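Breakdown of the fold
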Amino acid sequence: MGSSVITMTNITKRFKKAEVVKDFSLDVKKGSITGLIGPNGAGKTTIIKILAGLIYQTSGTIQFYESCDDLDVNRRRMSFMIETPIVDYNMTAYENLNYIRYIRGYPDKNRIDELLDIVELTDTGKKKAGNFSLGMRQRLGIAMALLSKPEVFVLDEPVNGLDPEGIVDVRRILQRLSDEQGVTILISSHLLSELAELCTDFSIIRKGELVENLSHEELQSKCRNHIVLKTNNIERTAAVLEEKLSIGNYKASNSGDIMIYEQLDNIETISKTITDNGLIITKLYEAGQSLEEYYLEKVGGSHD
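A short tour of the structure in this document, coming up. Nothing here was measured: the structure is a model prediction, and the numbers come from that model. (Residues numbered from 1 in each chain as written. Predicted model: local features only at pLDDT ≥ 70, side-chain atom pairs only at ≥ 80, totals over all residues. Heavy atoms only, no water.)

Here's the deal with helix 9 (residues 234–245)
Its 12 residues give helix 9 an end-to-end C-alpha distance of 15 Å, which sits within 8% of 16 Å, the value for a rise of 1.5 Å per residue. Of the residues making up helix 9, those classed as buried are Thr-237, Ala-238, Val-240, Leu-241 and Leu-245. Along the axis of helix 9, the buried positions cluster into a sector of 160°, meaning they face one direction only. Facing away from the buried side of helix 9, by more than 90 degrees, are the exposed residues Glu-235 and Glu-243. Residues of helix 9 that are buried make contact with strand 10 (226–231), strand 11 (250–252), strand 12 (258–260) and helix 10 (267–276). Backbone nitrogen of Glu-235 and a side-chain oxygen of the N-cap are separated by 3.2 Å at the start of helix 9; the cap is Asn-233. Immediately beyond the C-terminal end of helix 9, within one or two residues, lies Ser-246, with a positive phi of roughly 55°. (Helix = DSSP H or I, 4+ residues; strand = E, 2+ residues; numbered from the N terminus. Expected span 1.5 Å × (residues − 1). Buried < 20%, exposed > 50% of the residue type's maximum accessible area, 1.4 Å probe, protein only. Arc of directions from axis to C-beta. Contact = heavy atoms within 4.5 Å. Polar contact = N/O pair within 3.5 Å; in protein donor to acceptor, adjacent residues only side chain to side chain.)

Structure, rendered in structure tokens:
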């Protein structure tokens, strides 16, 4: 990943006496797809509105492209899609995009056909937006937000209310933007499972506070079934795993735990082999959670 394109440091937002965001920090790297994940009411929309300049934080700092200066100037390199996109139901997809192009003064009319291809609406022809499905209107909203060729695209709950097919469509479009055009994406959702395979990084938020930052690989590791092993000598244990048990799919943590991702039904043989080689086992058990279980544990057991 590259340098930071969005950095929020110790952001707090109060509305009268209510603190809806509390000492929140976020770092979005260039080229990443970062998921801001939390239950409804966790403060996600407030954070995104602060980034968009629609409201201002009570305290804390924001940097775009590692600079606190000229935030509004740097916002021109970004695009935001917050809440429901405004679509004229009496216009076609092409007409909606052309109207937005006109009022924004964007000169390149060929951009419309390019965007219709990106959001997979090329074949809608003369069909009015009022006859679109919710997913199609959401994809049209994405196209409108992409008109100016942003380097960074920030979306607030873009898959909320969509059926499974619509969710897959939006994920595919965002993945394509990242892979083919290098757009950095920050996307919020109240369900971790919706974005688990899309995002490279995750920031989990609850009641306005950051719960955890983790990468896609770290999330998969934590939610993957494995054996947790700890002994009195991590280096010798690793050698025994490889030489005596032919186990290569394992990872050692900074705390000295070893996570083993193979031979999960062979825990008794692993235990005996470790002890037969003169090592003392201080920890040995099976672990693993589903994405849903992990998420609910982090946010307090409720999506609401």
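Picking up after the structure, the text goes on.
Regarding the packing of aromatic side chains
Tallied over the full model, the rule gives 0 aromatic pairs. The positively charged end of Lys-13 is found above the aromatic ring belonging to Phe-15, 4.9 Å away from the centroid. (Phe/Tyr/Trp six-rings, centres within 6.5 Å; stacked < 30°, edge-to-face > 60°. Lys NZ or Arg CZ within 6 Å of the ring centre and 35° of its normal.)

Some points on the pairing of strand 7 (residues 184–189)
Most of strand 7 is tucked away: 6 of the 6 residues are buried. Alternating residues of strand 7 divide into Thr-184, Leu-186 and Ser-188 and Ile-185, Ile-187 and Ser-189, and every residue in both groups is buried. Across 5 bridges, strand 3 (residues 33–37) lies against strand 7 in parallel orientation. Bridge pairing in strand 7 places Thr-34 opposite Leu-186. In the sheet, strand 6 (residues 152–156) pairs with strand 7 via 5 bridges, with the strands oriented parallel. Along strand 7, the bridge assignment pairs Asp-156 with Ser-188. Read as a crossover between parallel neighbours, the route from strand 6 over helix 6 (residues 164–181) to strand 7 is right-handed. (Pairing = 2+ DSSP bridges. Right-handed = clockwise from strand over helix to strand, strands pointing away.)

Focus on the sheet that holds strand 13 (residues 281–287)
Spatially, 11-12-10-13 is the arrangement adopted by the 4 strands of the open sheet, whose pairing is antiparallel. The sheet is open, and its two edges are formed by strand 11 and strand 13, each paired on a single side. Mean inter-strand twist for the sheet, computed between neighbouring axes without regard to direction, equals 15°. Both strand 10 and strand 13 contribute to a ladder of 6 bridges, which runs antiparallel. Bridged to His-226 within strand 13 is Ala-287. Of the strands in this sheet, strand 10, strand 12 and strand 13 are in contact with helix 10, which crosses strand 13 at around 165°. (Axes fitted to C-alpha atoms, helices over the stretch in contact; angles between N-to-C directions.)

Topic: the nonpolar core
Within the largest apolar cluster, 48 residues are counted, with the highest numbers of intra-cluster contacts made by Leu-140, Ile-142, Phe-153, Leu-174, Leu-177 and Ile-185. For this core, the leading source of residues is helix 5 (residues 134–145), giving 6 residues. If we ignore the near neighbours within four places in the chain, the residues touching Leu-140 are Val-87, Ala-93, Asn-96, Leu-97, Leu-121, Ala-129 and Phe-132. The next biggest cluster of nonpolar side chains, apart from the first, holds 22 residues, and it includes Val-5, Val-152, Val-154 and Ile-205. (Core = buried A, V, L, I, M, F, W, Y, C linked by side-chain atoms within 4.5 Å.)

Section: the pattern of salt bridges
In this structure the tally under the stated criterion is 15 salt bridges. The residue Glu-151 makes a salt bridge to Arg-77 at a minimum N-O spacing of 3.1 Å. Placement of Glu-151 in the loop between helix 5 and strand 6 and of Arg-77 in the loop between helix 2 (71–75) and strand 5 (78–81) is noted, with a sequence separation of 74 residues between them. For Arg-139, the salt bridge identified is with Asp-169, shortest N-O distance 3.5 Å. Of this pair, Arg-139 sits in helix 5 while Asp-169 sits in helix 6, placing them 30 residues apart in sequence. Classification of Arg-139 as buried rests on a relative accessible area of 10%. By sharing partners, the salt bridges in this structure join Glu-120, Arg-139, Asp-169 and Arg-172 into a single network. (Salt bridge = Lys/Arg side-chain N within 4 Å of Asp/Glu carboxyl O.)

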